[in-house]
Amino acid sequence: MNIPQAPYRMSGLQALRSLSCRPGCLPGLVYSLETADEDVLEILSFLAFLTPAGGTVKIILPVDITHGQMFLNLYRLRVLNSEMGYFHDINPAAASGAVRLTRNDAGHDGNIFTRNTLFATSARGLFGTVFGHGINEKFWAWKYGSSNGRFSVLVVSQGRVVGYDGGIPRMLRLNGCERLAVQSADVAVSDAQRGFYRSGVFNRLSRLFVANAFEQGADFLYGFPHGRAMKLGMRTGVYEYGGAIYDCVTTGELDGPALNCLSVPRDVTADSVSEDIYHNCLRRFEASLDELGMACLKRDFAYFKSRYLFHPEYCYRVLVFAELNALLVVKQEGSYLRVMDFIGDVRFFQQILGATHQYLLSTGKTGLMFWILDAWRFLIDAAQWVSVNDSSAAFAWRSKTQVSLSQKIWISCGDTDFM
């Protein structure tokens, strides 16, 4: 075994990763952070593995960091340690350049939690094992490439990834201000690591995912879990329930006179939409949400291109209603078109759905499919030609502060990562 001699002083993550010894073998360990931006999550995980119950570990902060960086390190240690639960709470007054932790009596399962670069390779393999279908490298990079794994938490056991919670950053527009939000996109845990919700790895993984995202600067978390996952997330305290998401369909011929006198929409590919046209629609969209006191995930032109023009697998079309400065982003699904995004004044949403449904019937298609959050059903409830189906998922959220997203946000199919 590669065990350092007393007084067990170590420095740097690489030294921890290369250490080979049994759990709890190093009481009184002294660990020195090499830089201010080391992965504190992985460091705490290793230190918990090495320290026996009742033992202590001393963490020495880098000597060349600023006063602000020192307190940021202390904040990271406190936040992540409180969710990991292996050490007693860190003294917030420890500003002398070192902190001392005391190991509690919880056992250690040998799992190491980290944010390291294994996410882009081994986590993709676990995805296929857990979900029963693969995800290619381009699709994975499209989903997670912008964050480089910063908001994703991995569980590593004996050098293999056995669980992960993948996080995708997205800006949220709330009360005219932009705040950082993170979507919990894929959660995968190997069969061998599953257990009752309090004792299984999912509980600690999901709680550390929240703590890591907030420690990394996010103000909100959100996701689109189905029934069982929503209940599990609420029981573990990870999610708040933000309302049901209904999968709606436009059906049949429209009764009575035409709902509007809109002209036939201009049907174009995503690369034909100019930035000026898009911004005109976006201004209407954001202004209407502001008047209603509602939030939305940011949909600027850069996002539009990344989401719909540069998607590695799916093709999207755009239906432009020039007279209302509005557009629908749609995706072909059999004889239907799925509305991925609506950009325009939300008070015209039903009118534009009606015009689009009429247009589709004239071209031999069946109709539209779209998502609507429970809070927005009032926009379509008067339409007899819209069938509101059972909830296909729920909107889940978590806030770093007292600000709530429940019943206050516009959500569409395009806000997901899997359509």
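Preceding this section is the structure that the text describes.
Residues numbered from 1 in each chain as written. Predicted model: local features only at pLDDT ≥ 70, side-chain atom pairs only at ≥ 80, totals over all residues. Heavy atoms only, no water.

Our focus in this paragraph is the sheet that holds strand β4 (residues 98-102). Strand-to-strand pairing in sheets goes through backbone hydrogen bonds, with the strands running parallel or antiparallel. Taken in spatial order, the four strands of this open sheet run β1-β2-β3-β4, and their pairing is mixed. Only two strands of the sheet have a single partner each, and these edge strands are β1 (9-11) and β4. Strand-to-strand, the axes of this sheet are offset by a mean angle of 20°, without reference to chain direction. Against the sheet, helix α2 (residues 40-50) engages β2 (29-32), β3 (56-60) and β4, with an angle of about 165° to β2. (Pairing = 2+ DSSP bridges. Helix = DSSP H or I, 4+ residues; strand = E, 2+ residues; numbered from the N terminus. Axes fitted to C-alpha atoms, helices over the stretch in contact; angles between N-to-C directions. Contact = heavy atoms within 4.5 Å.)

With that settled, the discussion passes to the pattern of salt bridges. Counted by the stated rule, this structure contains 20 salt bridges. The closest approach of N and O atoms between R17 and E42, which form a salt bridge, is 2.8 Å. Residue R17 is located in helix α1 (residues 13-18), and its partner E42 is located in helix α2; the two are separated by 25 residues in the primary sequence. Taking the shortest distance from any N to any O, the salt bridge between R299 and D415 comes out at 2.8 Å. Pair noted here: R299 is in the loop between β12 (295-297) and α9 (301-309) and D415 is in the segment after β18 (409-410), with a separation of 116 residues, a long-range link. Here R299 falls in the buried class, since its relative accessible area comes to 1%. Taking the relative accessible area as the measure of exposure, D415 reaches 1% and is therefore buried. Where salt bridges share partners, they join R170, R299, D341 and D415 into one cluster. (Salt bridge = Lys/Arg side-chain N within 4 Å of Asp/Glu carboxyl O. Buried < 20%, exposed > 50% of the residue type's maximum accessible area, 1.4 Å probe, protein only.)

As defined by bridge partners, strand β9 (residues 220-223) adjoins strand β17 (residues 386-399) across four bridges and the pair is classed as antiparallel. Following the sheet pairing, Y222 is matched in β17 by W397. Pairing between strand β10 (residues 240-250) and β17: eight bridges, direction antiparallel. Bridged to E240 within β17 is W397.

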